[in-house]
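For reference, the chains in residue letters:
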Amino acid sequence: MHTLFLLRHAQPDSIPAGGGDAERPLTALGRRQAAEVGQRLALRGVGLTLCSPALRTRQTFEASGLDCPIELIKGFYGGSTDTMRGAIAEAGEEIDSVLVIGHAPTVPALASELAYPSDPAGAEEIGRWYPPATLTEIAIEGPWADLADGSTTGLLRGVQRI
């Protein structure tokens, strides 16, 4: 069994003058949120982080203090749950846990999609309220590769809103 952590980036600031949405940095609160998420995840162990290339997601990873490999996945910015599933499916079987750092609506949509069969009420709540720095833990039975076809679901282990 594998563990998938789905994290919406921590609290971002407004769009900087002359910049775009992808250049939004974290606020001071966001940096504190990311550090707290990192402390919680450090106790669990993360083997690989898959992250959107947007500034706020990269800063969320950096402020978390996690010591694991990170891959920036261009398709996570504005991408679909299928794109996210495909990237996760490429994780090696030797990796027990994967952290995804991305954006709404894709992260909460994937969390809800994976959790629905095990906890419909929990999945519906995820779909309604998933603020910045929300972390969902889902147990995935079977190989990571099975996520690619869209049929694999998981067991919702918890949702933490930091």
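Whatever comes next refers back to the structure up there.
Because the structure is a prediction, the values reported are computed rather than measured.

Examining the overall build of the chain
Thought 1: Counting its regular elements, the chain contains 5 helices and 6 strands.
Thought 2: Helices (α) and strands (β) of the chain occur, in sequence order from the N terminus, as β-α-β-α-β-α-β-α-α-β-β.
Thought 3: What you see for the chain is a C-alpha radius of gyration of 15 Å, in line with the 15 Å of a compact globule of 162 residues.
Thought 4: Each of the 162 residues in the chain was classed as buried or not, and the buried ones make up 48%.
Thought 5: Look at the contacts in the chain between residues 6 or more apart in sequence, and 69% of them connect residues 24 or more apart.
Thought 6: Of the roughly 7400 Å² that the chain leaves accessible, carbon and sulfur atoms contribute 51%.

Details of the nonpolar core
The tendency in soluble globular proteins is for nonpolar side chains to be buried as a group.
Thought 1: Judged by nonpolar contacts, the single largest core of 27 residues is most densely connected at Leu4, Leu6, Leu50, Ile88, Val100 and Trp144.
Thought 2: For this core, the secondary-structure elements that each account for two or more residues are strand E1 (2–8), strand E2 (48–51), helix H3 (81–89), strand E4 (97–102), helix H4 (106–115), helix H5 (120–128) and strand E5 (134–140).
Thought 3: In terms of residues, this core owes the most to one element, H4, which gives 5 residues.
Thought 4: The residues touching Leu4, leaving out its near neighbours within four places in the chain, are Ile88, Val98, Val100, Leu114, Thr136, Glu137, Ile138, Ile140 and Trp144.
Thought 5: Formed by 12 residues, the second largest nonpolar core is a distinct cluster that contains Leu7, Leu41, Val46 and Phe61.

So, helix H2 (residues 55–64)
Note on helix geometry: an α-helix contains 3.6 residues per turn, so any two residues three or four positions apart are oriented the same way.
Thought 1: Every buried residue of H2 is listed here: Arg56, Thr57, Thr60, Phe61 and Ser64. All buried residues of H2 project into a common sector of 145 degrees when viewed along the axis, lining one side.
Thought 2: Elements in contact with the buried residues of H2: E1, helix H1 (28–44), E2, strand E3 (70–72) and E4.

Here we look at a negative patch on the surface
Thought 1: Side chains of Glu93, Glu94, Asp146 and Asp149 sit close together on the surface and give a patch of like negative charge.
Thought 2: For Asp146, the position within the fold is in the loop between E5 and strand E6 (155–161).
Thought 3: For Asp146, a relative accessible area of 35% gives the class partly exposed.

Let's talk about the pattern of salt bridges
Thought 1: Evaluation of the coordinates by the stated rule reveals 7 salt bridges.
Thought 2: With a shortest N-O distance of 2.5 Å, Glu36 and Arg40 are connected by a salt bridge. Of this pair, Glu36 and Arg40 are both found in helix H1, 4 residues apart, which corresponds to roughly one turn of the helix.
Thought 3: Judged by relative accessible area, which is 31%, Glu36 ranks as partly exposed.
Thought 4: One salt bridge in this structure joins Arg85 and Glu113, with 2.8 Å as the shortest N-O distance. With Arg85 in helix H3 and Glu113 in helix H4, the pair connects residues that are 28 residues apart, well separated along the chain.

Topic: the environment of Glu94
Thought 1: Checked against the element boundaries, Glu94 lands in the loop between H3 and E4.
Thought 2: Note on Glu94: relative accessible area 66%, which makes it exposed.
Thought 3: A C-alpha to C-alpha distance of 8.9 Å links Glu94 and Gly47, two positions 47 residues apart in sequence.

Details of the state of the cysteines
Thought 1: The full count for this structure, using the stated rule, is 0 disulfides.
Thought 2: A disulfide-free cysteine, Cys51 has its sulfur positioned 10 Å from the sulfur of Cys68, the nearest such atom.
Thought 3: For Cys51, a relative accessible area of 0% puts it in the buried group.

Conventions we followed
- Residues numbered from 1 in each chain as written.
- Predicted model: local features only at pLDDT ≥ 70, side-chain atom pairs only at ≥ 80, totals over all residues.
- Heavy atoms only, no water.
- Helix = DSSP H or I, 4+ residues; strand = E, 2+ residues; numbered from the N terminus.
- Rg over C-alpha atoms; globule rule 2.2 N^0.38 Å.
- Buried < 20%, exposed > 50% of the residue type's maximum accessible area, 1.4 Å probe, protein only.
- Contact = heavy atoms within 4.5 Å.
- Areas by Shrake-Rupley, 256 points an atom, 1.4 Å probe, with all protein chains shown as cover.
- Core = buried A, V, L, I, M, F, W, Y, C linked by side-chain atoms within 4.5 Å.
- Arc of directions from axis to C-beta.
- Patch = residues over 30% accessible without salt bridge, like charges linked within 9 Å, V, L, I, M, F, W, Y side chains within 5 Å.
- Salt bridge = Lys/Arg side-chain N within 4 Å of Asp/Glu carboxyl O.
- Lys, Arg positive; Asp, Glu negative; His and termini not counted.
- Charge placed at Lys NZ, Arg CZ, Asp CG, Glu CD.
- Disulfide = S-S within 2.5 Å.

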